[in-house]
Structure formats: structure tokens, C-alpha cells
Amino acid sequence: LRIEHVYKAYNEHLVLQNVDLDVDAHEVICLIGRSGCGKSTLLRCVNRLEEIQSGRILLDDIDITAPNVDRDKIRQQIGMVFQSFNLFPHKTVLENITMAPIHVQKVPKRQARQEAEELLNRIGLPDRANEYPDRLSGGQQQRVAIARALALKPKLILLDEVTSSLDPETIGGVMELIRELRSSGMTMMMATHQMGFAREIADRVAFLDEGRIIEIGSPSQIFD
């Protein structure tokens, strides 16, 4: 992923200012900084949930911010996990995970179900396939949200404060899953307030302030 000279504003309020960032394959980048510094907006711009005013964002050398780009195709390659889970409440866990592969990628239902069951094993929830989201804890819902993002086999996963709405007892399972994704080579950009976790998980840490990347480097460079 390459982010070049990106500016983003809401009316007169400039949220991202001349942001440049490269993310290599299999790299984990943690975005840190106070609330309102632009971390979440940057992730949303990468996933084309927000439009940038200038600059460009490239995935595998393809400009995904070009006006004629198919956003839905881009989102099949870039998984996003939100702070508030955003699971479909009227769908079971299995249906949440299989919906995009079946309806967007046209994966056969049997294959999609088999792959979803494998993902549920991977996230430690093999017995929750037929439960609805409101029957799960916050940590379990967040793990399902990560599995839903993984179901599309994306090149990159964006994690937006995925532990901030969880209680201390349920954070551990989500963190362990992210550790497992890192060890499997998944490319990730993660906005987080968990400094200890950022130090542990990141290859590089980017510190944002007022929409700018002020400093970027290894965890030891940034924190020590």
C-alpha cells in the first residue's frame, strides 16, 4: 500500500494534511495519537469509505482513489474491522461470515460455509456458528468481525480501535487473534490507544497529530 500526499477535509476542517505512508507486504503498522488526530479517517480513506481532496492511494501500484475505480472490488481486497463490530444483527454468525463471499465473490455456498467454519475454528468460536450477534460477548463479536473480514481473503486488513469498546476480560482473545494474524503474515494497519500492544505487535509505529504523521519508526524508536 502507498499513500501519497493525502489531504482530507470536512468542510473547512482539515483532518489529514499531506500524509505519506508506505506499507510493505506482511508489515504491521500501528497508528497512534490522541482522539481526533486522523487515525480512523486515514483508515476509512484507504477503504474508500471517505473521499480524499487530493493525493492518491495505491494498492499494488493501482490508484484506488481514481474516479473510475470500482469501490466494491477494492473493498474485496481490503478488509476493515470497526470499533463497534458492525455485524448484521438479524444474521447468524455463519451468515455474517459467508454473506460477502457468496453474494459478492460468487463463492459456492458449500465452499463458503466450509471456509467460514474453518475461520470459526481459527478464532476459537467453532460452536457459535448459529448464534446471533446479541448472544455473544463484545470480544466474541469482534472476533467474528475479524473473521468476516478474513473471509474475503484480503491483501490488507484495517483495524480501527478494535479493542477500545471491550471490557478488560474480553480484550485478550481479540489481541491473541491479531497476534496470530501477524504471525501468519497478514498485512495490517491498526489504529490503537493500546500502547503496550502497539509496541508488541507493530513493525513500525506512526504517531499522528492534527492530521499529520509527525514521526514514524520502529516501536523502540517511537516509545524509547
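Our subject is the structure that appears above.
The rules behind these values
Residues numbered from 1 in each chain as written. Predicted model: local features only at pLDDT ≥ 70, side-chain atom pairs only at ≥ 80, totals over all residues. Heavy atoms only, no water. Pairing = 2+ DSSP bridges. Helix = DSSP H or I, 4+ residues; strand = E, 2+ residues; numbered from the N terminus. Buried < 20%, exposed > 50% of the residue type's maximum accessible area, 1.4 Å probe, protein only. Axes fitted to C-alpha atoms, helices over the stretch in contact; angles between N-to-C directions. Parallel < 35°, antiparallel > 145°, perpendicular 65-115°, else oblique. Left-handed = near helix turned anticlockwise from the far one by under 90°. Contact = heavy atoms within 4.5 Å. Nonpolar A, V, L, I, M, F, W, Y, C, P; charged D, E, K, R; others polar.

Draft legend 1. Main features of the pairing of strand 10 (residues 212-217). Both strand 9 (residues 204-209) and strand 10 contribute to a ladder of five bridges, which runs antiparallel. Along strand 10, the bridge assignment pairs Val 205 with Gly 217. What sits between the antiparallel neighbours strand 9 and strand 10 is a turn of two residues, in which Glu 210 has the positive phi angle 50°.

Draft legend 2. The arrangement of helix 1 (residues 39-46) in detail. Counting buried positions over the eight residues of helix 1 gives six, a clear majority of the element. Of all the residues in helix 1, the buried ones are Lys 39, Thr 41, Leu 42, Leu 43, Cys 45 and Val 46. Of the residues trailing helix 1, Arg 48 is marked for its positive phi of about 60°.

Draft legend 3. Layout of the sheet that holds strand 1 (residues 2-10). Pairing within the open sheet is antiparallel, and its four strands lie in the order 2-1-4-5. Both edges of this open sheet fall to strand 2 (13-22) and strand 5 (62-63), since each of them pairs with a single strand only. Across four bridges, strand 1 lies against strand 4 (residues 54-59) in antiparallel orientation. Counterpart to Arg 2 in the pairing with strand 4 is Leu 58.

Draft legend 4. Representation of the packing of helix 3 (residues 93-103) against helix 4 (residues 109-122) in the model. For the pair helix 3 and helix 4, interaxial distance at closest approach is 9 Å and the crossing angle is 130°. With respect to their mutual orientation, helix 3 and helix 4 come out oblique. Where helix 3 crosses over helix 4, the handedness of that crossing is right-handed. Residues Val 93, Leu 94, Ile 97, Thr 98, Pro 101 and Ile 102 of helix 3 pack against Lys 109, Ala 112, Arg 113, Ala 116, Glu 117, Leu 119 and Leu 120 of helix 4. Here the contact of helix 3 with helix 4 is built from residues that sort into nine nonpolar, one polar and three charged.

Draft legend 5. Geometry of the side chain of Thr 163. Tracing the backbone through its elements, the reader meets Thr 163 in the loop between strand 7 (156-160) and helix 6 (168-183). Here Thr 163 is in contact with Ile 171, Val 174, Met 175 and Gln 194, once residues within four sequence places are set aside.

Draft legend 6. The arrangement of the sheet that holds strand 7 in detail. A sheet is described by the order of its strands in space; here six strands give the open sequence 6-7-8-3-9-10, paired in mixed fashion. Each edge of the open sheet carries a strand with a single partner, namely strand 6 (78-81) and strand 10. Taken pair by pair, the neighbouring strands of this sheet meet at an average axis angle of 20°, ignoring direction. Across the sheet, helix 5 (residues 138-150) touches strand 6 and strand 7, and the angle it forms with strand 6 is around 170°. Relative to the sheet, helix 6 contacts strand 3 (28-32), strand 7 and strand 8 (187-191), its axis offset from that of strand 8 by approximately 145°.

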